[in-house]
Amino acid sequence: ADNLCQPCLWHTWASTRPEAIALVTAKSEYTWQALVERIHRLARVLAAQGVSEGAVVTVVSNNSPDVVMLHLACIQLGAITALTMPQPYQLIQENLRVLYGEGQRQFVWSSDSAISGFSEQDRQRLFTDCQILNLQAPVASSASCLARRDAGRRDAEQRDTEQRDTEKIASIVFTSGSSGVPKAVAHTQEQHLASARGLLAVLSFQQHDCWLLSLPIYHVSGLSILYRWLSVGACLKIGSGQLEQDIQGATHASLVATQLKRLLDHRQPLQLSHVLLGGSDVPLPLCQQARDSGIETWLGYGITEAASTVTAKPTDGIASAGRVLPNRQVQLRNKRIYIAGDTLASGYYYQGLLIPLVDEQGWFDSKDVGQWVDGELRITGRADNQFISGGENIHCEEIEAVLNRHPDIRQSLVIPVHSAEYGVRPVALIDSASDQSALQLPLWLADKLTRFKIPDAFFPMPQQPQTGIKLSRKAMREWLSDNQ
Ligand code: 4YB
C-alpha cells in the first residue's frame, strides 16, 4: 500500500544516492535514505488514522519539515494534499466547503501555530467538523490498522466512479477567483514534474545545489520548488521564516520583488547563484542590482493553474517575462493570454469532482493581457484591472510598474475609483519608508506617464495581513472605500 505511486522520485534517489543530503532544516539534515524512512513511517501513521487513496487531507500550516513530509506521505498513499494558508477558521471553512461534500471525511492537519490564535469556540468547531490528524500517533497494531484500512477502502469505494479521474491528483492549492470565491486548483505529480523539467531545461539546477523553500508551500510558487528538488534529486532547505538567515547556504531561491529588495538592501554575503523572480512585474533596476551582485537572476511569468512558471528568461534590459518554456504553450487572442500544455492543472476540484479549466481546444484563459516582443512575452496587466477613464483605456499594472521604479517605493497598488467627470479615475496606495508627500509623485511621474494615467490621489498603503505572496486588491479597495 506504501507504493501506490509510480513516480515517487524520493525512492529513486534513496536507492541511487542514499547518503546524499536531501533536506536541510533549521534543526537537522536528512539523507535521502533517512527521508524515505520518515515518509514511510508517516504514511503508516496516516493510514492508521484512515487516510487512503483519493482522500483529501487539508493541511493548514506555514512552511515546515512536517508539511513537506506530510505531502510526500500522502502521495505515497494516493491521497490528495490540500494546502491552506493559516487563517481564521471562518476562512478555512470556506476552503473546506469547496473540498468536501456531504458525509465526506474531512481530514485536517494544522500546525500548532496555525490554530494558536483560534478562539475556544473555533477550536472546538474545528475538532467537531473535522478529523484532526496526529503525526505523532503510534503506528497502530496491525489488526486495528487493517480495520481502519478497510474503513478507508469502503470510503474509497463510495467515492468510486465519478472520482476515478481525481485519483491521481497529488495537490490542491487555492487561488481566489475574481468573484472572491476560492478555487481549488488540482495538479497531478506528472503536471508538477512537467513544470519543473521545462524550467530546468533552461535554468541550471544540479544535484549539488540547494533550493530554499523561500515562498509558502500553500502557494504554487513554493510548491513548485518541491518538484524541482525532486526531479533533480538536489537539496531542499526549509528555513525558519527569517529570509536573511534562511538564505545562508542556499544556491537557489524563488523570490518576489519585495523579498529581493530587502535581501539586497541587507548587503550580506550570499552564496546564491540563481534567483527566480515572479508573481508580478519586477522593476528593471532591481533585476540589474541583483545581477551586479553576481546572482544569475531570472524573471518568470507564472500562474497557479499552470503549476507556476510559464515563460522565463535571465533578466536583461528588456521589459518582458521571456520565452515560453518547454511543456507549455502560449497563445494571444486579442492580446489576452491563453495557456496550454502538460503543466496545466487537471481542473478545479469541487467536492470530489473536477471542473475543467480549459476550453474545447485545451486552452486556459489566464485573464492576463500581453504582447509578443521579439518572441518574448510582455505582460501588460490583467483584463479585470483594466478600466476606461474619460474614454481612455488604463491598466492598473502599467501605472504600478512605473511607480515601483521609484527608488523610495517598496510597493504600490492602483485602484480605480468612481469619478463624476471621467467615470473612473486611478488612485494610488504607496508603501514607502519615506514620508509620502515628500516623494512629490505627480511631479516625478510627469515625464514617465501619459497625463491621464497619473493618479488623482496618493495614500500611504495600510498595513494588511499579507495573504500569500500578493497584495490583495480586494482588501485594499475595501480599505479605500472605508477611509476615503
Ligand atoms: C505577473 C507575472 C509577471 C505573475 N509580470 N504579472 O516559480 C515561479 O514561477 C515563481 C518564482 C518567484 C515568485 C513567484 C513565482 C510564481 O510561481 C508565481 C505564480 C503566481 O503568482 N501565481 S498566481 O496564480 O498567484 O498569480 C498569477 C498572476 O500573477 C498572473 O495571472 C499575473 O497576473 C501575475 N503575474 N507573473 C506580471 N512576471
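Quick caveat: nothing in here was measured; it's all calculated off a predicted structure.

**Q** Tell me what's going on with the site of the ligand, and back it up with residues and numbers.
**A** The immediate surroundings of the ligand are formed by 25 residues, with Arg 228, Thr 304, Thr 309, Asp 368 and Lys 470 found nearest. Between the ligand and Gly 300, the relevant distance is 2.9 Å, taken from a nitrogen atom to a main-chain nitrogen or oxygen of the residue. Interatomic distance of 2.4 Å between a side-chain N/O atom of Asp 368 and an oxygen atom of the ligand. Of all the secondary-structure elements, those providing two or more residues to the shell around the ligand are helix 9 (220-232), strand 11 (252-255), strand 12 (274-277), strand 13 (296-303), strand 14 (308-314) and strand 21 (376-382).

**Q** Describe the nonpolar core, naming the residues involved and giving the relevant values.
**A** Counting residues in each nonpolar core, the largest one holds 78 residues, and the members touching the most others are Trp 32 and Trp 229. A domain split of this core shows at least three residues from each of domain 1 (9-159) and domain 2 (187-383). The contacts of Trp 229, once residues within four sequence positions are left out, are Ala 22, Trp 32, Leu 35, Val 68, Leu 72, Phe 205, Ala 234, Cys 235 and Leu 236. Within the second largest apolar cluster, 23 residues are counted, among which are Val 108, Phe 118, Ile 169 and Tyr 349.

**Q** Can you explain the environment of Ser 119? Please cite residues and give values.
**A** In this structure, Ser 119 sits in the loop between helix 5 (112-115) and helix 6 (120-129). Distance from Ser 119 to Leu 286, taken between C-alpha atoms, is 42 Å for residues 167 residues apart in sequence.

**Q** Which residues make up the packing of aromatic side chains, and what values do they have?
**A** In total, this model carries three aromatic pairs according to the counting rule given. Taken together, a centroid distance of 5.2 Å and an interplanar angle of 20 degrees make the contact between Trp 32 and Trp 229 stacked. Taken as a pair, Trp 32 in helix 2 (residues 32-48) and Trp 229 in helix 9 lie far apart in primary sequence, 197 residues in all. Its relative accessible area of 0% is what places Trp 32 among the buried residues. With relative accessibility at 0%, the residue Trp 229 sits in the buried group. Consider the rings of Phe 205 and Trp 211, whose centres lie 4.9 Å apart with planes at 85 degrees: the pair is edge-to-face. Overall, the relative accessible area of 1% leaves Trp 211 in the buried class. The residue whose ring lies beneath Arg 333 is Tyr 338, and the NZ or CZ to ring-centre distance is 3.9 Å.

**Q** Talk me through the side chain of Asp 122; I want residue IDs and the actual numbers.
**A** Residue position: Asp 122 is located in helix 6. Separated by 3.1 Å, the side chains of Asp 122 and Arg 125 make a polar contact.

**Q** Give a description of the sheet that holds strand 8 (residues 182-188) that names residues and reports values.
**A** The eight strands are arranged 6-5-3-4-7-8-18-19 in an open sheet whose pairing can be described as mixed. Lying at the two open borders of the sheet, with one neighbouring strand each, are strand 6 (131-132) and strand 19 (353-355). Here strand 3 (residues 56-60) pairs with strand 5 (residues 107-110) via four bridges, running parallel. Its bridge partner being in strand 5, Thr 58 is matched across the sheet by Val 108.

Basis of the calculations
- Residues numbered from 1 in each chain as written.
- Predicted model: local features only at pLDDT ≥ 70, side-chain atom pairs only at ≥ 80, totals over all residues.
- Heavy atoms only, no water.
- Near = heavy atom within 4 Å.
- Polar contact = N/O pair within 3.5 Å; in protein donor to acceptor, adjacent residues only side chain to side chain.
- Helix = DSSP H or I, 4+ residues; strand = E, 2+ residues; numbered from the N terminus.
- Core = buried A, V, L, I, M, F, W, Y, C linked by side-chain atoms within 4.5 Å.
- Buried < 20%, exposed > 50% of the residue type's maximum accessible area, 1.4 Å probe, protein only.
- Domains from an automatic or database assignment.
- Contact = heavy atoms within 4.5 Å.
- Phe/Tyr/Trp six-rings, centres within 6.5 Å; stacked < 30°, edge-to-face > 60°.
- Lys NZ or Arg CZ within 6 Å of the ring centre and 35° of its normal.
- Pairing = 2+ DSSP bridges.

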